[in-house]
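One-letter residues, chain by chain:
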Amino acid sequence: MAQDNGKVPQTAHYEFGGPVGALFIMISLPVFIYYLYFACDKNSCAVTLLPLLPGSWDEIFDLQVFMIFLGWVAFQAVLYMLPIGKKVKGLPLRTGRRLQYRMNGLLAFVISVALFAALVYYQYPVTILYDKFLPFLTSSVIFSAALSVFVYIKSLAAPNHALAAGGNSGNIIYDFFIGHELNPRLGNFDIKIFCELRPGLIGWVLIDLAFVVKSWTDFPDNPPWCLLAVTFSQVLYVADSLWFEECILSTMDIIHDGFGFMLSFGDLAWVPFTYTLQARYLVDHPEKTMPSYCLMAVVALGFLGYYIFRASNSQKNAFRQNPHGDGVKHLQSIPTATGKRLLVSGWWGLVRHPNYLGDLILALSWSLYCGFDSIIPYFYPIYFTVLLVHRCLRDAAMCKEKYGEAWDRYCQKVPYRIFPYIF
């Protein structure tokens, strides 16, 4: 992938259907996220061609809510810039330079949750996140779109070596969608890393918690066990992401994709307002309960998924840091021309992406808490399966180009991608 003098060549091939596909995604995803809201509310939750729409613009957009959203983003930005937490370097860029990042996401998470708890204690109406869910959604769509425009305009003045290899096609629509600049920064403020792990991800947790407060306020004598279980599981998942924050520096989003509409909208609007779908369904339908033995079975399934996700990621990270360490020195691997080695035993000998397998099991458990009366709460595991399969195929294409013959031998040794004996 490296080029002489770090020069980024023009994008050789399109992904996501090229400019037409990019335009379609940019239009359809915001429409679809609104569709999920209107098709699944407290009155009904069913797939329908014409869900009941609001009667006025005031129900969709609220200036006060928009200012609260801006305040939330600003608050997270302040926490991001605090001179607290270790500094780590990312992977080498084309020029050989390694960007520096401060890892304090877990601190931001703890402070945010503690502040939320204080607001609950002092009886601040945190249920505004439920009552004004639609205006908050609109605020996130507007902000993410505006941010996409800003980073694209900024990227036009960026040097060639700072551009993303996949977003340098010369087509405005496609580059705007995929991201023209790889790591847009304002001084030391890295916009992509900030959006990946802060406002949307932590916001997801606070929305869940607000739903719990709403449910418990409305039905104080009927603990929402399914809602509590899904919220606990999602809080654990987000906390895990921030505990192992530096691992994101080696992900496809950071090392390959530029920062454009795809990541801006995904991080700031899609994550907090679709990943909370199960919790919103449960607070809207408090009658949805299940026997204790079913509840415990779903909890166990969720912990199994989390265990596979965390154990496989930890094994990979330990091997990367020290392949001769006591816990990983027994693992088999295939050497590559780049100097890296591809794991072919342990979790990574079972399938090529065991972390994806754990992720999907965990995602399924979240939807199972909602029962089987509607398919809509199962949108997340269905969508996530499509996303991870697509990402798996993208990753395979890049690894084939990067590792060549070693990748072919690896695929023979580990034939299944995500699901053992299936795919």
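Please read all numbers here as calculations on a predicted model, not as lab measurements.

This paragraph deals with the UniProt feature "transmembrane region" (unreviewed entry) in the chain. Within the UniProt annotation, "transmembrane region" (unreviewed entry) is assigned to residues 20–40, 60–82, 103–122, 134–153 and 290–309. Secondary structure content for residues 60–82 is 83% helix and 0% strand, while the C-alpha to C-alpha distance between its ends is 34 Å. Between the first and last C-alpha atoms of residues 134–153 the distance is 29 Å; the span itself is 100% helix and 0% strand.

Time to look at the state of the cysteines. By the definition in use, this model includes 1 disulfide. Between the sulfur atoms of Cys40 and its disulfide mate Cys45 the distance is 2.1 Å. Between Cys40 and Cys45, the disulfide has an S-S torsion of -95° and is therefore left-handed. Assessed through its relative accessible area of 2%, Cys40 is described here as buried.

The next subject is helix H17 (residues 405–413). Along H17, the residues classified as buried are Ala406, Trp407, Tyr410 and Cys411. Buried residues in H17, looked at end-on, bunch into an arc of 140°, giving them a common side. Across from the buried face of H17, at angles greater than 90 degrees, the exposed residues are Glu405 and Gln412. Residues of H17 that are buried sit in contact with strand S5 (333–335), strand S6 (341–343), helix H14 (347–350) and helix H16 (379–403).

Of the two faces of strand S2 (residues 100–103), the one lined by Tyr101 and Met103 is fully buried and the one lined by Gln100 and Arg102 carries no buried residue. Judged from the 4 bridges that link them, strand S1 (residues 86–89) and S2 form a sheet pairing that is antiparallel. Paired with Val88 across the two strands is Tyr101, which belongs to S2.

Attention now moves to the packing of helix H8 (residues 199–218) against helix H9 (residues 225–243). At their nearest, the axes of H8 and H9 sit 10 Å apart, and the two run at 160° to each other. Compared by their axis directions, H8 and H9 come out roughly antiparallel. At the point where H8 passes H9, the crossing takes the left-handed sense. Seen from H8, the contacting residues are Leu201, Ile202, Trp204, Val205, Asp208, Leu209, Phe211, Val212, Ser215 and Trp216; seen from H9, they are Leu227, Leu228, Thr231, Gln234, Val235, Tyr237, Val238, Ser241 and Leu242. Residue composition of the contact of H8 with H9, by class: 14 nonpolar, 4 polar and 1 charged.

A negative phi angle characterises most non-glycine residues, just as the trans form characterises most peptide bonds. Unusually for a residue other than glycine, Phe16 sits at a positive phi of about 60°. Examined against the element boundaries, Phe16 turns out to sit in the segment before helix H1 (18–39). For Tyr421, which is not a glycine, the phi torsion comes out positive at approximately 65°. Looking at the secondary structure, you find Tyr421 in the segment after H17.

The next point concerns the pattern of salt bridges. Tallied over the full model, the rule gives 13 salt bridges. Among the ionic pairs, Asp131 bridges to Lys214, the shortest N-O distance being 3.9 Å. Of this pair, Asp131 sits in helix H4 (residues 128–131) while Lys214 is found in helix H8, placing the two residues 83 residues apart along the sequence. Under the relative-accessibility criterion, Asp131 is labelled partly exposed at 48%. Arg394 is the salt-bridge partner of Asp257, the closest N and O atoms lying 2.8 Å from each other. In this pair, Asp257 is assigned in the loop between helix H10 (252–255) and helix H11 (261–274) and Arg394 in helix H16, connecting sequence segments 137 residues apart. By relative accessible area, Arg394 is classed as buried at 9%. Through salt bridges that share partners, Glu15, Asp257 and Arg394 make up one connected network.

Reading the values: the criteria
- Residues numbered from 1 in each chain as written.
- Predicted model: local features only at pLDDT ≥ 70, side-chain atom pairs only at ≥ 80, totals over all residues.
- Heavy atoms only, no water.
- UniProt positions renumbered as here; feature names shortened; annotations may be inferred.
- Helix = DSSP H or I, 4+ residues; strand = E, 2+ residues; numbered from the N terminus.
- Disulfide = S-S within 2.5 Å.
- Buried < 20%, exposed > 50% of the residue type's maximum accessible area, 1.4 Å probe, protein only.
- Arc of directions from axis to C-beta.
- Contact = heavy atoms within 4.5 Å.
- Pairing = 2+ DSSP bridges.
- Axes fitted to C-alpha atoms, helices over the stretch in contact; angles between N-to-C directions.
- Parallel < 35°, antiparallel > 145°, perpendicular 65-115°, else oblique.
- Left-handed = near helix turned anticlockwise from the far one by under 90°.
- Nonpolar A, V, L, I, M, F, W, Y, C, P; charged D, E, K, R; others polar.
- Salt bridge = Lys/Arg side-chain N within 4 Å of Asp/Glu carboxyl O.

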